[in-house]
Amino acid sequence: MDPPVCLHLSGGDVREETRRDEIAACLAEVEAHIAEACRVSGRAREELTLIAVSKTYPASDVRLLAELGVRDVGENRDQEASAKARECADLGLTWHFVGQLQTNKVRSVVSYADVVHSVDRPRLVAALGNEAVRAGREITCLVQVALDGDPARGGARPEDVAAVADAVAGAPGLRLGGVMAVAPLGEEPGRAFARLREIAQAVRDDHPGADLISAGMSGDMSEAVANGATHLRVGTALLGRRKLFVR
């Protein structure tokens, strides 16, 4: 089954109802794709959380997604995410921060994010913990794994994951949820996610409650589901090809 692709309607005067219908159709395709992947893998759909990655798309799209039953939203840039979270504060959504995170953005991210998927170094763990305590919140953290062994693009080297996981587990204000990764460019996603599954199991052996695996995007959902993913980060297949973000 080919990955779903949502083609965004062109033009700035598209009626809201038309956009809602478009997103609804894309969501139905994504759900069908996930259902088939679950069937092939012998998994239940309830085991997976669909995160709608709304980067570059407006808060109005987030509202339409919420109307259609999507409760988890992901963003990768704080400036954009914080604005949307404020605009959609009445919806009771779960916000996931999925991009690389610098320590100077931690206070802002902690103010709205429920889950941070990109925790990859002890210094970031300390900053997140301090801000979570200050804000009186508990933030679920996933250790991002650099499956290609190159942390320059974000993620801890596989051999460093255990230390980062231990730091999260020991930090006040934080809860260790599990691991996250992006399949490296040029590598077969199934092979990459199989390695992630092994790393996730090692983390879970040390921290039994850390059972989340964030893996899979629009083009490799099936491979992620087959390798135990619990959270799928889907943007293009839901909302269309990326465009410049306009507030």
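Here's what I pulled together on the structure shown here. None of the values given here were measured: they were computed from a predicted structure. (Residues numbered from 1 in each chain as written. Predicted model: local features only at pLDDT ≥ 70, side-chain atom pairs only at ≥ 80, totals over all residues. Heavy atoms only, no water.)

1. Brief notes about the pattern of salt bridges
To be explicit about the condition: Put simply, a salt bridge is a Lys or Arg side-chain nitrogen that is within 4 Å of an Asp or Glu carboxyl oxygen. The helix count covers DSSP runs of H or I at least four residues long, the strand count covers runs of E at least two residues long, and both are numbered beginning at the N terminus.
Taken as a whole and judged by the stated rule, the model has 16 salt bridges. The salt bridge partner of Glu 36 is Arg 39, with a shortest N-O separation of 2.8 Å. Highlighted residues: Glu 36 and Arg 39, both in helix H1 (residues 16-41), separated by three residues, approximately one helical turn. Salt-bridge contacts for Arg 121 lead to Asp 120; the nearest nitrogen and oxygen are separated by 2.7 Å. One salt-bridge network, held together by shared partners, links Glu 75, Arg 77, Glu 80 and Lys 84.

2. Some details on helix H6 (residues 161-169)
Rule in force here: Relative accessible area decides the class of each residue, using a 1.4 Å probe on protein chains only: under 20% of the type maximum gives buried, over 50% gives exposed, and in between gives partly exposed. Here the arc refers to the set of directions running from the helix axis out to each C-beta atom. Residue contacts are counted whenever heavy atoms from the two residues lie within 4.5 Å of one another.
Those residues of H6 lying buried are Val 161, Val 164, Ala 165 and Val 168. In a view along the axis of H6, the buried residues occupy a sector of 100 degrees, so they form one face of it. Considering only its buried residues, H6 is in contact with strand S4 (115-119), helix H5 (122-135), strand S5 (139-144), strand S6 (174-180) and helix H7 (189-206).

3. Some points on the pairing of S6
Inclusion rule: Should DSSP find at least two bridges between two strands, the strands are regarded as paired. The path from the first strand over the helix to the second decides the hand: if it runs clockwise while the strands point away from the viewer, the crossover is right-handed.
The element S6 is extensively covered by neighbouring structure, given that six of its seven residues are classed as buried. Looking at chain direction, S5 and S6 are connected through six bridges and run parallel. Looking across to S6, one finds that Val 143 is bridged to Val 179. Tracing the backbone out of S5, into H6 and back to the parallel element S6 gives a crossover that is right-handed. Here S6 pairs with strand S7 (residues 212-214) via three bridges, running parallel. Directly across from Gly 178, in S7, lies its bridge partner Leu 212.

4. Points about the pairing of strand S3 (residues 94-97)
Here strand S2 (residues 72-75) runs beside S3; their pairing, made up of four bridges, is parallel. For Asp 72, the partnering residue across the bridge sits in S3 and is Thr 94. Running through helix H3 (residues 78-87), the crossover from S2 to the neighbouring parallel element S3 is right-handed. Note that S3 and S4 share two bridges and pair parallel. The residue bridging Phe 97 from the neighbouring strand is Val 116, located in S4. Read from S3 through helix H4 (residues 106-112) to S4, the crossover connection turns out right-handed.

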